[in-house]
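What follows is each chain in one-letter form.
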There are 2 protein chains.
Amino acid sequence: MTEPKSDVPAHGPARRRVVPAIALESGLTEQEQARLSAIGRVQRYAKGATILDAEGEPAMLASVLDGFVKLQKTRLDGRRQIVGLLVPGEMIGQVYGARPDFESEAATDVMLRTFDRRRFRTLLDDIPRLEHNVLASLLHEFEAAREWMMLVSGHSVTERFAGFLLLLCRRWPESCCSVSADGRNAMVRLPVSRADLAQYLGTTVESISRAVQQHVRDGVLGMRSASQFEVLDFPELIARSGHEAPPPA
Amino acid sequence: MTEPKSDVPAHGPARRRVVPAIALESGLTEQEQARLSAIGRVQRYAKGATILDAEGEPAMLASVLDGFVKLQKTRLDGRRQIVGLLVPGEMIGQVYGARPDFESEAATDVMLRTFDRRRFRTLLDDIPRLEHNVLASLLHEFEAAREWMMLVSGHSVTERFAGFLLLLCRRWPESCCSVSADGRNAMVRLPVSRADLAQYLGTTVESISRAVQQHVRDGVLGMRSASQFEVLDFPELIARSGHEAPPPA
DNA sequence: CGCCTAATTGACCTCCCTCAACGCGGGTGG
DNA sequence: CCACCCGCGTTGAGGGAGGTCAATTAGGCG
């Protein structure tokens, strides 16, 4: 259960966990689960919808059930800086700190479980195991934040795009499909537009396009459609991302 | 105690907390503190020393007592990418996850309290309050990571350098001194070399130098020595960092 | 006083951001 | 059924920020 044993070689065979399925409920008694459910509501947001405003009171907490959510901050000049992409299992909103911090926006259609922040904290005091689960979720998010940092600080756009594809495979394997036996190639579907991608990677649509075509020309990627790629050479793609290869164990 | 009431207006009067002094011991009983002390050892590392290797077994955990520690990852091309700077109160090493993840290196001379990881986790199960403190420390680190991300993704080098100075004042006020009454100017001491700074900001020593001279020419900064700056115009420096102004409350 | 390292400055060149044009598909209305 | 349009992706030309290499200057220490 902690190792979903996916057949997707999230760059390289079986790296890390794939979809964490960190659930707030795990390990809770029936009664505790009931208390948690009592204050939670499942809500859906359409792609592009703002979930939490940076200014608004952070009265809500939410756990991502499906889809992904971008965390961003608006700069003085109006540009939006993405600081992270939340995948299922991660939490939106400051559980402890009161500061609103970042805006969260639905990057795709998403499904959330929302909680009243005050009530959730009460529960947190009552149920140590819940605090433990929150901590686990937080750690996961933390790790993701560092990965994200490695990604956006990759130097060339080509590098960042390669890194993004790999990140996608590793953290969101459902958008990756049909990997060949030798693990050298796979199909990847980009769930976002070029414009979004440009924003994520801190660049422009034009540069994204050029980076993609570069990879295609070099035979690392094949393109079925604008959002459907075939990875033709995994090792080369990894090399181009500039990151460490996964532990060859 | 949680509000050290520093007279340093960490860019703008009294923003957030200044030095958190998050201690693992806080709120523990005498006996619990004794158990914690029993497995901890105070250790010193000279500037530049490697504390934890990315490859080595993560058998050790540590809490930073003094100085600061850089978290970094080595890229394929040998360049080192800094993903964070740990200040006193924060923890090194994965408390839960087993993955070594990042190398940690002493950015200045540092003093740590180190723990055997296995024993620490045992303690964690026994003392819920300790887990709570770890969580608090982690949250702090998390927040710092996002701030760091905002910093390094600032677009021009000039912007990033301005942001770094402000971050330094906010998170490490001891390196900032003698702020004038109106809060417009202050002395700031850079605790690191240009080479380190370049690494932190993802750029080169030359570009750092040019950025500094730019600020000096424009009258935003004065330079007493290579590592001693006088902030002549705080508001302008903040504006140049490209970040939101601190809440003007 | 001479050495060594850190910091600065200059010249050059690459990458990518900007502005602009163009191709393509999918709708809608005639 | 076809013409048109509009959003999206791609391509091209030009310029600016900054990385790279190299030379010069300023500080610390024997």
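Residues numbered from 1 in each chain as written. Chains lettered and ligands numbered in written order. Predicted model: local features only at pLDDT ≥ 70, side-chain atom pairs only at ≥ 80, totals over all residues. Heavy atoms only, no water.

1. Focus: the packing of helix H1 (residues 30–39) of chain A against helix H2 (residues 117–126) of chain A
Helix packing geometry: the angle between the two helix axes and the distance between the axes. Residue and element names in this part refer to chain A. Our working definition: Axis definition: a line fitted to C-alpha atoms, over the contacting stretch in the case of helices. Angles run 0 to 180 degrees between N-to-C directions. A run of DSSP states H or I qualifies as a helix once it reaches four residues; a run of E qualifies as a strand once it reaches two. Both are numbered from the N-terminal end. Here roughly perpendicular refers to angles of 65 to 115 degrees, roughly parallel to angles under 35, roughly antiparallel to angles over 145, and oblique to all remaining angles. For this analysis, residues touch if any pair of their heavy atoms sits within 4.5 Å. Note on residue classes: Ala, Val, Leu, Ile, Met, Phe, Trp, Tyr, Cys and Pro are nonpolar, Asp, Glu, Lys and Arg are charged, and everything else, Gly too, is polar.
Viewed as axis vectors pointing N to C, H1 and H2 meet at an angle of 170 degrees, and their least axial separation amounts to 10 Å. Of the possible angle classes, the one that applies to H1 and H2 is roughly antiparallel. Where H1 approaches H2, its residues Arg 35, Leu 36 and Ile 39 are matched on the opposing element by Arg 119, Phe 120, Leu 123 and Asp 126. For the contact of H1 with H2, the class distribution of residues is four nonpolar, no polar and three charged.

2. Things to note about the sheet that holds strand E8 (residues 110–116) of chain B
All names here are of chain B. Formally: A pair of strands is treated as paired once DSSP finds two or more bridges between them.
The four strands lie next to each other as E1-E8-E3-E6, forming an open sheet whose pairing is antiparallel. The two strands at the open ends of the sheet, each matched to only one other strand, are strand E1 (40–45) and strand E6 (91–92). In this structure, strand E3 (residues 60–66) lies alongside E6, joined through two bridges in antiparallel fashion. Residue Ala 62 lies in a different strand from E6, and its bridge partner there is Ile 92.

3. Observations concerning the protein's contact with DNA strand C
Cut-off, in case you're wondering: The near set for a molecule or strand comprises every residue that places at least one heavy atom within 4 Å of it. Any N or O atom pair separated by 3.5 Å or less is treated as a polar contact, with the protein-specific requirement of one donor-capable and one acceptor-capable atom, and with residues adjacent in sequence counted only for side-chain atom pairs.
Around DNA strand C, the structure places 16 residues, and the nearest of them are Ser156(A), Thr203(A), Ser207(A), Arg194(B) and Gln213(B). Within 4 Å of the protein, atoms of DNA strand C come from sugar and phosphate in 69% of cases. Taking Thr204(A), its side chain carries an N or O atom lying 3.3 Å from a phosphate oxygen of DNA strand C. Here a phosphate oxygen of DNA strand C sits 2.8 Å away from a polar atom, N or O, in the side chain of Ser207(A). Counting only elements with at least two residues in the surface near DNA strand C, the list comes to helix H6 (205–217) of chain A together with helix H6 (205–217) of chain B.

4. Details of the relation of the copies chain A and chain B
Applicable threshold: A least-squares fit on C-alpha atoms brings the copies together, and the residues used are those whose pLDDT is at least 70 in both copies.
With an RMSD of 0.1 Å, the fit of chain A onto chain B corresponds to turning through 179 degrees and sliding 0.2 Å along the axis. On the angle and the small slide along the axis, the relation comes out as a two-fold axis. In this assembly, 97% of the residues forming the interface of chain A have copies in chain B that are likewise at the interface, indicating an isologous arrangement.

5. Examining the sheet that holds strand E7 (residues 103–106) of chain A
All names here are of chain A. What the four strands build is an open sheet, ordered E2-E7-E4-E5; its pairing is antiparallel. This sheet does not close on itself; its edge strands, each paired only once, are strand E2 (50–52) and strand E5 (80–86). Put simply, the sheet's adjacent strands are angled 35 degrees from each other on average, direction ignored. In terms of strand pairing, strand E4 (residues 69–74) meets E5 through six bridges, oriented antiparallel. Note that in E5 the partner of Gln 72 across the bridge is Ile 82.

6. Details of the interface of chain A and chain B
In many reports, interface size means the accessible area that the parts give up when they come together. Taken together, the contact between chain A and chain B spans 37 residues of the former and 37 residues of the latter. Across the chain A-chain B interface, the total number found is 10 residue pairs in polar contact (both at pLDDT 80 or more). Broken down by secondary-structure element, the contributors of at least two residues to the side of chain A that touches chain B are E4, E5, helix H3 (128–152) and helix H7 (234–241) of chain A. Its residues assigned to classes, the side of chain A that touches chain B comprises 16 nonpolar, 10 polar and 11 charged.

7. Some thoughts on the confidence of the model for chain A
Residue and element names in this part refer to chain A. Condition: The predictor reports its confidence for every residue as pLDDT, a score running from 0 up to 100.
Per-residue confidence for chain A averages 79 on the pLDDT scale, and 82% of its residues sit at or above 70. Element-level pLDDT for chain A is lowest in strand E9 (residues 176–177), with a mean of 66, against a maximum mean of 95 in H6. Confidence drops under a pLDDT of 50 for residues 1–20, and excluding neighbours within four residues, the segment shows 39 contacts in the predicted structure.

8. With respect to empty space enclosed by the protein
Residue and element names in this part refer to chain A. Applied cut-off: Using a grid of 1 Å spacing that covers the protein atoms alone, one calls a set of points a cavity when a 1.4 Å probe fits there but cannot get out, and a pocket when the set is open and has protein on both sides within 12 Å along at least five of seven lines; lining residues are those with an atom within 4 Å of a point. Grid points are joined across faces, edges and corners, and a volume is the space filled by probe spheres set on the points.
A full pass over the atoms with the stated rule returns six cavities of 30 Å³ or more. Taken as a whole, the largest cavity holds about 150 Å³ of empty space. Along the wall of the largest cavity there are 16 residues; nearest its centre are Leu 85, Val 87, Trp 148, Leu 167 and Arg 171. If you list the elements that add at least two residues to the lining of the largest cavity, you get E5, H3 and helix H4 (157–171). Residue composition of the lining of the largest cavity, by class: 11 nonpolar, one polar and four charged.

9. Re the protein's contact with DNA strand D
Among the 16 residues in the neighbourhood of DNA strand D, the closest are listed as Arg194(A), Gln213(A), Val157(B), Thr203(B) and Ser207(B). In DNA strand D, atoms within 4 Å of the protein come from the sugar-phosphate backbone in 69% of cases. The contact in question runs from a sugar or linking oxygen of DNA strand D to an N or O atom on the side chain of Ser209(A), over 3.1 Å. Between DNA strand D and Thr203(B), the relevant distance is 2.4 Å, taken from a phosphate oxygen to a side-chain nitrogen or oxygen of the residue. For the surface near DNA strand D, the secondary-structure elements that each account for two or more residues are H6 of chain A together with H6 of chain B. Tallying contributions element by element places H6(A) first for the surface near DNA strand D, with four residues. Residue composition of the surface near DNA strand D, by class: three nonpolar, eight polar and five charged.

10. Quick notes on the nonpolar core
To keep things clear, this is the line we draw: Among the buried residues, those of types Ala, Val, Leu, Ile, Met, Phe, Trp, Tyr and Cys that are joined through side-chain atoms within 4.5 Å form a nonpolar core. Under the scheme applied here, a residue whose accessible area is under 20% of the maximum for its type counts as buried, over 50% as exposed, and between as partly exposed, the area being computed with a 1.4 Å probe on protein chains only.
Core analysis: the largest hydrophobic core is formed by 144 residues, its most contacted members being Phe120(A) and Phe120(B). Ignoring anything within four residues of it in the chain, the contact list for Phe120(A) reads Leu24(A), Leu36(A), Ile39(A), Leu61(A), Met91(A), Val95(A), Phe115(A), Leu130(A) and Val134(A).

11. Quick look at the pattern of salt bridges
Test applied: Salt bridge, as used here, is a side-chain nitrogen of Lys or Arg placed within 4 Å of a carboxyl oxygen of Asp or Glu.
In this structure the tally under the stated criterion is 23 salt bridges over all chains. One salt bridge connects Glu147(A) with Arg170(A), and the closest N-O pair in it is separated by 2.7 Å. In this pair, Glu147(A) sits in helix H3 while Arg170(A) sits in helix H4, placing the two residues 23 residues apart along the sequence. With its nearest N and O atoms 2.9 Å apart, the salt bridge here joins Arg240(B) to Glu236(B). Residue Arg240(B) and its partner Glu236(B) are located together in helix H7 (residues 234–241), separated by four residues, close to a single helical turn. Residues joined in a network through salt bridges with shared partners are Lys47(A), Lys70(A), Arg80(A), Glu103(A), Glu105(A) and Asp196(A).

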